Amino acid sequence: FKRHASFLVAAVEGLAALLTQHPFADGDVLVSTSNLDVTAGELRADAELLAHRLREVGVADGQAVVVELPNGPAFITAMFGVWLARAVLVPTNSRQPRAELERVVGATGPAAIIDGDGVRRTGVEPTRYEGDVAFVTWTSGTTGQPRPILQSHSGYLELLDRVLGPLRGKRADPDRRPSPNLVPVSLALNAGIYNALFGLRAGAPLVVMDRFSTSEFAELTSRFAIRSTVLPPPALVMLADDETIVDLAPLRYVRSITAPLSPLAARRFTEKFGVTVLNGYGQAEIGEVIGWTATDAREHPEKVGAVGRPHPGVAIKVLSGEGVEVSRDTVGELLVRPPRMAAGYADGGSLDDRLDGDGYLRTGDYARVDEEGFVWIEGRVGDVINRGGNKVFPGQVEEVLCLSPDVHEAAVVGVPDERLGEVPVAFVVGTAPPEDLQRLCREHLVAYKVPVAFHQIDALPRSEIGKVLRRDLIARLSHAV
């Protein structure tokens, strides 16, 4: 068995090397949770053993394996065990309903499933993925059913180095061991996998949360001396709202991921904890393409709310509705050309229908680029409300609504109107009376941007990655008619 396992390690390149060639010695702790430490040697041995088990049950090169485990060392082990077996990882949420698992199996054709009971065959005809496909992630599902995206070993390594490159070049002490990388989101999501692999590529250990809670996040940040991390917007709001959390030292930077973060939410977090919050921009098909450096954060605090500047090797342009490139500070659709993109979709689709003649991908987001090259996202093309010919960007209205101390969150959607085509309607989480919200909006917005109605709800419907499901809000209005 040892000879077979060694063959697997030697034969596999790509993302598996982030574990097998990690600089930590076998006795060094590589993955921690709130109550468990696992060494690099234990993870390597367990991953090799799992790879051997997958081969025993008949998993062949390029076949998919579903991993349905909670966040933690076992998930990390399974992820690398799949890659050591030269198979394709399909991560799923262990808390999902059976119907969702069946949908994932039907969409990806896995040969086996790894769950709390071990490894088992699926009984379906396995799909073989060609090329260097590493794993399957999913589109956000905010505009329809999520689509399975094929991520490649080579493409993802390029993505990691694209973001790490500038950071590596500016480290004061290259021999200093990187601080732990905290993973506060699900490893079933692209954001979780990216954060874990980012830390390993940087040569850092990982600290993994099973599920997010404000108290555990604060405790782990202090215990492991976390200086920077990533958080989705709902987590930032939860921490800012939690009166029992007053200090997050030694945390200095938080990068907001998975969904748009309002400048107001960023400012609230920074004012409470003294931590700089930085937006970033990317999509599952292209990875992170726009972001911040520590230098930009120090030198441009007035740019809070922007998503940063393009990473090295990333080209962008902003086009008008007529397909003409616009001038600086003019809003249009953002197109991006990164060095590498995803390999396509597991349902057979490709990215070609989203590319223009120069190889730029249409993101479906409205943006503007200011004179210093910082990119500001104004909203999704499909979310913009056309009120009698006037464009209403929901994010602008939501920012104003959140100025009220009695509003925790807000979302604005467009609903049909016989006279104007569409009109904005607001949903708010909080206790502010509608007449107060209308008065607030009239103070800060031109008349056509003021919502025609305000609805109080207990919570905004969100996808698994934290994006507001506007279609669910629109459906709620339809059902109320």
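Source: prediction; values computed, not measured. (Residues numbered from 1 in each chain as written. Predicted model: local features only at pLDDT ≥ 70, side-chain atom pairs only at ≥ 80, totals over all residues. Heavy atoms only, no water.)

Engineer: Would you take a moment to explain the overall build of the protein chain for this structure?
Structural biologist: In terms of regular secondary structure, the protein chain is built from 14 helices and 26 strands. Against the 2.2 N^0.38 benchmark of 23 Å for 481 residues, the protein chain shows a C-alpha radius of gyration of 23 Å, consistent with a compact globule. With respect to the principal axes defined by its C-alpha atoms, the protein chain has extents near 75 × 50 × 40 Å. Sorting the 481 residues of the protein chain into buried and exposed places 54% on the buried side. Long-range contacts, defined as pairs at least 24 residues apart, comprise 65% of the intrachain contacts of the protein chain with a sequence gap of at least 6. With 50 positive and 62 negative side-chain charges, the protein chain shows a spacing of 3 Å between the two charge centroids. (Helix = DSSP H or I, 4+ residues; strand = E, 2+ residues; numbered from the N terminus. Rg over C-alpha atoms; globule rule 2.2 N^0.38 Å. Buried < 20%, exposed > 50% of the residue type's maximum accessible area, 1.4 Å probe, protein only. Contact = heavy atoms within 4.5 Å. Lys, Arg positive; Asp, Glu negative; His and termini not counted. Charge placed at Lys NZ, Arg CZ, Asp CG, Glu CD.)

Engineer: Help me understand the packing of aromatic side chains, please; the structure alone is not making it clear to me.
Structural biologist: Aromatic ring pairs are described here by two measures, namely the spacing of the ring centres and the angle between the planes. Counted according to the given criterion, the structure contains nine aromatic pairs. Arranged with centres 4.9 Å apart and planes meeting at 55°, the rings of Phe269 and Phe273 form a pair that is tilted. With a gap of four residues between them, Phe269 and Phe273 both fall in helix H10 (residues 263–273), about one helical turn apart. For the pair Phe269 and Phe273, one class covers both residues: buried. When the ring centre of Phe24 is taken as origin, the NZ or CZ atom of Arg177, which lies over that ring, is 3.9 Å away. Between Arg255 and the ring centre of Phe198, over which it is positioned, the NZ or CZ distance is 5.9 Å. (Phe/Tyr/Trp six-rings, centres within 6.5 Å; stacked < 30°, edge-to-face > 60°. Lys NZ or Arg CZ within 6 Å of the ring centre and 35° of its normal.)

Engineer: Please explain unusual backbone geometry as it appears in this structure.
Structural biologist: Most peptide bonds take the trans configuration, and most residues that are not glycine carry a negative phi. Between Ala249 and the following residue, Pro250, the backbone shows a cis peptide bond with an omega angle of 10°. Structurally, Pro250 is set in the loop between helix H9 (233–241) and strand S12 (253–256). With a phi close to 55°, Ala225 is a non-glycine residue in the positive phi region. Inspection of the secondary structure assignment puts Ala225 in the loop between helix H8 (214–223) and strand S11 (228–231). Notably, Asp329 is not glycine yet its phi reads approximately 65°, a positive angle. Since its relative accessible area comes to 38%, Asp329 is described here as partly exposed.

Engineer: Explain the side chain of Thr221 here, please?
Structural biologist: Here Thr221 shows up in helix H8. Sequence-distant contacts of Thr221, defined by excluding residues within four places in its chain, comprise Leu182, Ile226, Leu248, Ala249, Pro250 and Leu251.

Engineer: Just checking my understanding: could you explain the sheet that holds strand S10 (residues 206–208) for this structure?
Structural biologist: The strands making up a sheet associate through backbone hydrogen bonding, with each pair oriented either parallel or antiparallel. Spatially, four strands are ordered S2-S1-S10-S9 in an open sheet, and the strand pairing comes out mixed. In this open sheet, the two strands that pair with only one neighbour each are strand S2 (37–39) and strand S9 (181–183). Sheet twist, expressed as the mean angle between neighbouring strand axes with direction ignored, is 25°. Of the pairings in the sheet, the one linking strand S1 (residues 29–32) to S10 comprises two bridges and is parallel in character. For Val31, the partnering residue across the bridge sits in S10 and is Leu206. Strands S1, S9 and S10 of the sheet are contacted by helix H7 (residues 190–201), whose axis makes an angle of about 165° with S9. (Pairing = 2+ DSSP bridges. Axes fitted to C-alpha atoms, helices over the stretch in contact; angles between N-to-C directions.)

Engineer: Looking at this model, I keep getting lost on H10. Mind explaining?
Structural biologist: Residue pairs spaced three or four apart in an α-helix point in one direction, given the helix's 3.6 residues per turn. For H10, every residue scored as buried is listed here: Leu264, Ala265, Ala266, Phe269 and Phe273. Next to the buried residues of H10 lie H9, S12, strand S13 (276–279) and helix H12 (394–401). Once H10 finishes, Gly274 follows within two positions and takes phi at roughly 70°, a positive value.

Engineer: Explain the sheet that holds strand S20 (residues 361–369) here, please?
Structural biologist: Across the sheet, four strands lie side by side as S17-S18-S20-S21; this open sheet has antiparallel pairing. Of all strands in the sheet, those with a lone pairing partner are strand S17 (315–319) and strand S21 (375–380), marking the two edges. Strand-to-strand twist across the sheet, computed as the mean angle between neighbouring axes with direction ignored, equals 45°. As paired strands, S20 and S21 are joined by five bridges and run antiparallel to one another. Bridge pairing links Asp365 to Arg380 in S21.

Engineer: Before we go on, may I ask you to explain the pattern of salt bridges in this structure?
Structural biologist: Oppositely charged side chains may form a pair once their charged atoms are brought near each other. What the rule picks out here adds up to 31 salt bridges. Here Asp161 makes a salt bridge to Arg201, at a shortest N to O gap of 2.8 Å. One end of the pair, Asp161, is in helix H6 (residues 153–169); the other, Arg201, is in helix H7, with 40 residues separating them in the sequence. Given the relative accessible area of 29%, Arg201 is considered partly exposed. Across the pair Asp296 and Arg309 runs a salt bridge, and its minimum N-O distance is 2.5 Å. Taken together, the residues Asp296 in helix H11 (residues 294–299) and Arg309 in strand S16 (residues 309–310) connect sequence positions 13 residues apart. One salt-bridge network, held together by shared partners, links Arg55, Asp61 and Arg86. (Salt bridge = Lys/Arg side-chain N within 4 Å of Asp/Glu carboxyl O.)

Honestly, that's just the spatial picture; any functional story needs more than this.
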